[in-house]
Amino acid sequence: MTAMRCLAVLAVTLLTGAGAAAAQTAMPAAGVPHEVATRRAATISGVRYDLSLSIPAALAAPLTGTTTIRFALSDPSAPLVLDFETSREHVKSVDANGKSAFAYVNGHIVIPAASLVRGDNAVRIAFNAGDASLNRNADFLYTLFVPARARLALPVFDQPDLKGRWTVTLEHPAAWQSAANGAELERTTAGTRTTVRFAETQPLPTYLVALIAGDFKVETAERNGRKFRMFHRETDAAKVARNREAIFDLHARALDFLERYTTIPYAFGKFDFVAIPAFQFGGMEHAGKILYNASGLLLDESATQNQMLGRASVISHETAHMWFGDLVTMRWFNDVWMKEVFANFMAAKLVNPSFPEVNHELRFLLSNYPAAYEVDRTAGANPIRQVLENLNEAGSMYGAIIYQKAPVVMRHLEALLGEDNFRDGLREYLTRHAFANATWLDLITVLDARTPVDLQEWSRVWVDQPGRPTIQTELTVTGGRIATLAFRQRDPRGRNLVWPQQLRIAIGQSAGPQLITVEVKGPVTDASVAAGMPAPLYVLPSAAGWAYGNFRLDRGSLDYLTSSLPEIDDALTRGSAWVTLWDALLEGQVPPAAFLDLTLRSLPRESDEQMTSRILGYASNTWWRFLNTAERDTRAPRFESLLREGLAQAKTPSQKAAWFGTLRNVATTPGTVGWLQQVWAQKEPVPGLPLAEADFTALALELAVRQVEGWSGMLQTQLGRIENPDRKGRFQFVMPALSAEAAERDRWFAALQDVGNRRREPWVLEGLNYLHHPLRAGEAKKHVQASLDMLWEIQKTGDIFFPKRWLDATLGGHSSKEVADTVRAFLKNLPPNYPERLRNITLQSADELYRAAEITKNK
C-alpha cells in the first residue's frame, strides 16, 4: 500500500470511528507540536524502548535497526503519533499490537486507533536510521539528540516529559569501542563484528539518550570507590598522561559535592565521559555518559588560567546536570533554562575550592555579566523563560540569557532567601520530582513558602521579561561633601518595569572605595546614607559584581574612571568598572581611542590574571571593531611593543599564553609579524612558554590571513606537522578559507550550501571567522547576504548553538555601514512566517556591528 493510500484509509478510520477531535492528530504538523506532545503526556505512561542498531563499517551505508516501544495508554480513541523525521523509505515495517497499518505524515509515524488498546501496548518498528543527529565519521560516531533531534535518527516520543527506560544493543566493527547510557552487560564477537548489550536505564527523556561507537581509547580510574572511564581519540600520549588525573579528580570532587549539597546519591550507576574532537558544545550531560569537546578537557602545556578554570567549570556544570536536568527534567523546553541555570550555579560553587588562589567573585562577574549584556542590551533580547509552540524551534532558545543572565538572577534569588534556606528548598524540589518532570512554577511554589517576598512578581520581571534596566547616577556635591545621591531606574523598552535588586555602591575615596548598599524598589532609589560623605572620586553602582543593568555614570565618575581606573586597588571594583566602561564605549560616551589608551595604561599595572585576560580581550575587540585602518596603523607600534613587553614580564606560562595569544591576534607591523614567522618556524623560542601543536596551528592560520610571504607553503608545512587525524582533517577543511585567492575562498563558502559540508560545525565556524577576518572584511562583505539567507536552513539542520555562532562568525569581522545596512534590509524584508527567534538572534549578532558602524561613520 502506498503512503498516500495508507493515510487516506487512516483518515477515514479516524473520522468514522474516533470522532472529529481525534482526527486532529491524523495530520500532525512537522516537528513536535505542543498540542501533540500535551496529548501524549496525558495519555501515555510507563514507556520502555528496546533498541537494536547495526552500525556498518562503511560510512555510506545506513545504520539499520529495530525498536520495540512498550507503553501504557489510558485513551486509545485517537491515533498514536511517533516522531521520526527522516522519510517514508526509512520505515521498513511497523507492528502495533500485531497490526501493521500506519501512515507517515510530516516526519511522524501515525498509528491508527484501531491498532491500539487501553492499557499495555507494544509497537515494533524496523527502520534505517537517519544520519542528521548521528555525527558519523569514517571511524567513529556519536549521537547528539538535544533538544529534540532523536527523531532525526530513531522513532521515538521526542519530548522531555515522556521519559522512558532504554535497553540498547549495538552491533559494530569488532575493533571499535562502544558505550551507551546503561552499563555494558555482554560483549560477543563473531568474525569482524561485535555485539554489545547494555543494561536498562533509569527513566530518561530522549534528548539525554546517547550512543558512541568507534576507534576510541579508554582510560580508567577509581575515586572514592567509584569507577570512571574516559573515552578519547587523542594520539599524543604525553598530553593524555598530563591531563588524566586532573580530569578524573575534577569529576570525583563534583560528584562528592553534589551528593552532599542535594543529599541525593548519584542516580545513574556507571559514570563515563567521552572526549569528542570538534564537539559542537563544551559538553553534553547524557546520563551515565557525558560528552565533552576534547580540546576543553585535554589541555596543552600553554593553557591559560581561564582555560583551566573553564575545564573545571564545564566538568562541574555537566556533572551538576545529573541532578538538575537528568534526575529532574523540565516538562517542556520553555523551562530548559532551569537545568542550565542550576548547572552553572552549582558549577560556580564547585569550582571555588579547587582554585583557592582565584578571586571567585570576580570570576562570577567576568563569566556572566558581559556575555549576558551582549544579548540584553540588544533589540533582539529574549526573556529567560520563553514561549515555545514546537520543539523544532527549541534549539534557538539557548544562549547567553539562559547560560549567563540566569545564574545572576539565581544568585539574587539565593540572597533573597538565604543560602541555607535556598539549598533546603532545592533539596525538597529534587526529592519531590526525582525521575520525573517539573516546571518553574513547581520550584517557585516550593521557594515561595520559604520567604515573605512575592516571588511570583519578582519572577515576572526577572524571568518572564527581556532586557535590563538603565540606572542613571544622580549626584550633587556641595561644599566638598555629597549633598544628594540617587539612582533613577528606567525601562528602555517603555514597559515601566522596575527590577527589584540590591545596589552595592562603591564611593571612591582617596583611601579606597567605601561600599554602601541600597535596595531598589521603585523608579528612584535614594542613597541617603551617602549624604555628608566627602566628595567622591567616583560613584560606581555596579560595584562588587552584583547589580545587573546598564549603569550610566555621572560625568565626574566617568571622567575619573576613564583616566584613573588603574589606581583602584580592589580587583572586583576594577572589574565592575571595566564592564561598565565597555557599555559606555558602546553607547558613545567614551571614544574608542580613549578606551584603547586606557587598556594600554592599565595592562602593565594589572596584577590579577583574570583582569589581564579581560582587558586584553577588550583591547583586541576595540582594535579590530572600533578603530579604522589609519588609527590602527598609528597605534600598532605602541600596542605591539606593550604586548611583547607584557609577554616577557609575565611570570607563569598561563599568563604568557594570554599575552602571546593577543599579540598573535592583533599583530600587523612587519617587525612583529616577522618575529611570529620565526616563532612558527621554530627558529625563535618564546621564553617560558612551551608552545604546543595547537599554538603553531593557530599561528600558521593568523600568518596566512595576513598573506605573509610563503603563506601557502606554511599551511602545507603545518598540515604535515599535525599527526592527529581529526585535527589534520579540521586544518585541511579550513585551509581554503585562508587562501589569498578570492575565487578559492568563494568556492569554499559556496560549498557550505550543502548540509553535508556543514556537519562539523566547529570546523565551519573557524573557516567563517577567517573568511570574514577584519583584514578581509572588504572582500568578504559580498558573502554576508548569502549567510543571512541561509540562516533558516542552518537552524533546521544544525545543532542548538549553530545559528547564533554562524551569524557571529559572519558579522564579527565587519564594522562598515554597508554591511550594517545589508543586515537591516534583510530584517526589513523577512516574510511573515519567518521565525521570530531567528529574527531576534540576528538582532543580537548585529548589535555590535550597528554600534561600530555608527561610532566609526564620521571617522
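Residues numbered from 1 in each chain as written. Predicted model: local features only at pLDDT ≥ 70, side-chain atom pairs only at ≥ 80, totals over all residues. Heavy atoms only, no water.

Let us look at the sheet that holds strand β1 (residues 44–54). Strand order in this open sheet of seven strands is β4-β7-β2-β1-β9-β12-β11, and the pairing throughout is mixed. Only two strands of the sheet have a single partner each, and these edge strands are β4 (91–96) and β11 (184–190). On average, each strand axis in the sheet is tilted by 10 degrees relative to the strand beside it, whichever way the strands run. The strands touched by helix α3 (residues 34–43) within the sheet are β1 and β2 (64–73), with β1 carrying the most contacts at an inclination of about 105 degrees. (Pairing = 2+ DSSP bridges. Helix = DSSP H or I, 4+ residues; strand = E, 2+ residues; numbered from the N terminus. Axes fitted to C-alpha atoms, helices over the stretch in contact; angles between N-to-C directions. Contact = heavy atoms within 4.5 Å.)

For the rest of this paragraph, the subject is the pattern of salt bridges. Under the criterion given, the structure shown has 57 salt bridges. Two residues, K239 and D300, come together in a salt bridge whose shortest N-O distance is 3.0 Å. Here the residue K239 occupies a position in helix α4 (residues 237–262), and D300 occupies one in the loop between α5 (294–297) and α6 (305–320), the gap between them amounting to 61 residues. For the pair K239 and D300, a shared accessibility class is recorded, and that class is buried. R837 serves as the salt-bridge partner of E393, at 3.0 Å between the closest nitrogen and oxygen. With E393 in the loop between α8 (360–376) and α9 (400–417) and R837 in helix α30 (residues 836–856), this residue pair connects regions lying 444 residues apart in the sequence. (Salt bridge = Lys/Arg side-chain N within 4 Å of Asp/Glu carboxyl O. Buried < 20%, exposed > 50% of the residue type's maximum accessible area, 1.4 Å probe, protein only.)

Attention shifts here to the sheet that holds strand β15 (residues 226–232). With respect to topology, five strands assemble into an open sheet ordered β14-β15-β16-β18-β17, the strand pairing being mixed. With partners counted over all chains shown, the strands left at the sheet margins are β14 (217–223) and β17 (283–284), one partner each. Bridge analysis of β15 against strand β16 (residues 271–276) gives four bridges, and the strand direction is parallel. Pairing of F231 across the sheet is with V274, part of β16.

So, about the packing of helix α14 (residues 571–586) against helix α16 (residues 609–625). Across the interface, α14 lies against α16 with an axial gap of 11 Å and an inter-helix angle of 15 degrees. The angle between α14 and α16 falls in the class roughly parallel. Taken as a pair, α14 and α16 cross one another with a handedness that is left-handed. Taking contact as the criterion, the partners of A571, G575, W578, V579, W582 and L585 in α14 are, on α16, M611, I615, Y618, N621 and T622. Here the residues of the contact of α14 with α16 are counted per class, giving eight nonpolar, three polar and no charged. (Parallel < 35°, antiparallel > 145°, perpendicular 65-115°, else oblique. Left-handed = near helix turned anticlockwise from the far one by under 90°. Nonpolar A, V, L, I, M, F, W, Y, C, P; charged D, E, K, R; others polar.)

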